[in-house]
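# Per-entry structural report
Chain by chain, the residues run as shown.
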Amino acid sequence: MWRLSLRSVRHHAPLFAGTFVALTLGVTLIAVSAAALAATWSVPAPSGAGLPSVTLTDGEGTRHTLVTGAPDLGGIQTVLVMAGVVAAFVTVFVIAGTCALGVALRRQDMGLLRLIGAGGPQVRRMVVGECLAVAVPAAALGCLLAAAATPWAVDALNGTGLAPVDLHPGPLGGPLLFAAGSGLAIAVLGALAASRRASRVRPTEALREAALDSAGITGGRAALGGLMLLAGTAMVALAPGAGAEGAVPLALFGSLALTLAASALGPLYLPRLARLLAAPLKRTRTVSGRLALEAVGSARLRTASLVGPVLSIVAVVGVFTSVMATTGSTVEADDRARTTGQLVVEPASGAGDTLDAGVLARLRQAPGVRAVSAPAPVDLAVAGPYSAWQDEGAVADLPALTRTHRVDVVEGTVRALGPGTVAVSKEFADWYGYHAGGRLTYGLYGGRPASARIVAVLDGGSAVPHVVLPPSVTGAAAPERATVLLGAVPDGGTAAAARELARHLGTDRVTVTPTGDWFAHHASSQDRLNRLVLLVLAGPASAYALIAVASTSVMSYSRRGREVAGMRLVGVSREQVRRMALWEAGITTALAAALAAVPVAVGLIAYRSALAATYGTVAVSVPWGVLAGLVAACLAVAGGTGLIAAQRLLAQREVAAVTARQ
């Protein structure tokens, strides 16, 4: 059957072009993401010679030596892993859809093969052979494109500033092999799923005129859809009780599983949903709109294949960006709500990045100042019952911190920390099982281990570091800013108080900003970072999805010449055929956007419930502009491609002959 597969690919080259393009670009994206991730792994780790270290003993008596100075690449690695997941997810969607569509468009050919004696297993081998004939060169070309694009992609990633150090591409053999293997596996799995339908085509299908069947989905596709529906439902149901950290993967992957279920089960409900959403068209005299509605409703697999790419990219971008934006908005809103201090004091430009002790002493003695909190960050190591790990802490005046911020005392009492005492955040206590009255073993790098009694467990959002150390601890960096609580706000408001305090401390040494203005500026900086992450995460996948929308549309029109000829025969004008193509693009894009909104909303609701258990204020944020622009781009690509494909069909000889007879 291998020769037959090769001949079939050559004969139906336009039909397989969509699969070839989709797989080539999918392998390219996966390879570039893997190569960039490998570049982060190749960053040399500090040798430990001459670097501060600390040795701690855990609860089982095992000694751990931890060294500071290694760059924190966890953030950029998480972004790159997510980008790879997005690329693979969209590739699975597109390849599965194009394989199913390719088989559906050739039911008559399959019926002819069965009519001349080909058995079901032979048809299945032919379909898998066709896929391999397309997938092998596509994977090879994708690897070549990735090898050329990786240096440029890594340089662009360095330009975003997301990585703490410059990355350099390492050996590409591993990432390219991984991407090629992933692409071939995705293609073969898609072909196997499609081949089951092909092997069940009856010989009588050779006598049918319809290009697409209207039968239901196969048992395997129904089982996959049901499994993904159950898995997605379970994950989003568990998310509210998993905490802010644990809810992120549950909400994300639960939404992705629901999206897979919506795509797999699409042929069952998409025609009915299309008729429901486009019901107003039936009450009009729009011939082209009614023709498009009937085409969408009768060709189930074609409709599902056209909806798939748009559904996948809108859902993926929607849930990832919404979770990311909601996290940032919630942290900002919670910080804003918890901050009772009216002013924020920071070093002036050119005066260094920290506040020195002299400035802080003058600030605490300034007229009208009631309390000043200026936590000094410090990197430390903590020993637990079974291991030791690096963590973040701060040296802080705990009573002043609770005056400038709303802090809830979960356990213990708030008092000035003395030697041998610490306070911990509720988040830290929940993670590692600490309670007030217990003991915590920690060490500062370059120092000796210390054992301290926990006097309080505090819930203060990001205002409370994981571990609060007493002011007597030495080795912490100087604070980057201070929050000031005023005794009374002057008649001129906080702006006047800020100007007066800046003059008192020296405008060449500090800048003083009202708290509201400081949060607004900080939010704009965070928005810029979020846009960069979004660009890395969803930019390439969105471009890929738009190309997949175009290629799938070309595939769907490649076998509709007889359908268009029949329309012309009954009097449908050329202009009406063109408008029908636009209506089809609009209906399928609207369907995809409506379906994508469901898993995004479900995942975001579950994530919001998890945040509500950690933060006092939750601010849900959805990037409506980004999503609307993405849907508009998909509509433009689908409409433009459909219009061009319809025009080419109208120019075919058999359609022209029908027109001449009219």
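Before going into details, it helps to say that this report is about the structure given with it. (Residues numbered from 1 in each chain as written. Predicted model: local features only at pLDDT ≥ 70, side-chain atom pairs only at ≥ 80, totals over all residues. Heavy atoms only, no water.)

## Things to note about the overall build of the protein
Filter applied, for reference: Under the DSSP-based scheme used, a helix requires at least four consecutive residues in state H or I and a strand at least two consecutive residues in state E, with every element numbered from the N terminus. Each residue's exposure class comes from its accessible area (1.4 Å probe, protein chains only) as a fraction of the maximum for that residue type: buried when under 20%, exposed when over 50%, partly exposed otherwise. Working rule for contacts: check all heavy atoms of both residues, and any pair within 4.5 Å makes them a contact. Only the protein chains shown count as cover for residues, with accessible areas throughout obtained via the Shrake-Rupley method and a probe of 1.4 Å.
Each helix and strand in the protein was counted, giving 21 helices and 13 strands. Of all 662 residues assigned to the protein, the portion counted as buried reaches 49%. Taking the intrachain contacts of the protein between residues at least 6 apart in sequence as the baseline, contacts between residues at least 24 apart amount to 83%. Counting every atom, the protein has about 29000 Å² of accessible surface; 61% of that belongs to carbon and sulfur.

## Notes on the sheet that holds strand β3 (residues 343-347)
Going by this rule: We call two strands paired when DSSP finds no fewer than two bridges between them. Here, axes are lines fitted to C-alpha atoms. For helices the fit covers the stretch in contact, and angles between N-to-C directions go from 0 to 180 degrees.
Taken in spatial order, the 4 strands line up as β4-β12-β3-β13 in an open sheet, and their pairing is antiparallel. Across the chains shown, the open sheet's two edge strands, defined by having one partner strand only, are β4 (369-373) and β13 (510-514). Direction aside, neighbouring strands of the sheet carry axes that sit 25° apart on average.

## Side note on the packing of aromatic side chains
This is how the line gets drawn: Pairing of aromatic rings covers Phe, Tyr and Trp, the last through its six-membered ring, and needs centres within 6.5 Å; plane angles under 30 degrees mean stacked, over 60 mean edge-to-face, and all others mean tilted.
Considering all chains together, one arrives at 5 aromatic pairs under this definition. With 6.2 Å between their ring centres and 85° between their planes, Trp431 and Tyr432 make a pair best called edge-to-face. An aromatic cluster of at least three residues, connected via ring pairs, comprises Trp389, Phe428, Trp431, Tyr432 and Tyr434.

## Re a nonpolar patch on the surface
For clarity, the cut-off: To count toward a patch, a residue needs a relative accessible area above 30% and no salt bridge. Like charges then connect within 9 Å, nonpolar side chains (Val, Leu, Ile, Met, Phe, Trp, Tyr) within 5 Å. Counted as salt bridges are all cases of a side-chain nitrogen of Lys or Arg within 4 Å of a carboxyl oxygen of Asp or Glu.
Taken together, the side chains of Leu141, Leu144 and Leu145 present a nonpolar region at the surface, about 270 Å² in accessible area. Turning to its location among the elements, Leu145 is positioned in helix α5 (residues 120-160).

## Examining the pairing of strand β9 (residues 439-444)
Here 4 bridges tie strand β5 (residues 376-383) to β9, and the two strands are oriented antiparallel to one another. Within β9, the position partnered with Ala381 by the bridge is Gly443. By the bridge criterion, 4 bridges tie β9 to strand β10 (residues 450-459) in an arrangement that is antiparallel. In the sheet register, Tyr442 faces β10, and the bridge partner there is Ala450. If you look at the hairpin formed by β9 and β10, you'll find 5 residues sitting between the two strands, and Gly446 has a positive phi there, around 90°.

Distances and angles like these do not, on their own, reveal function.
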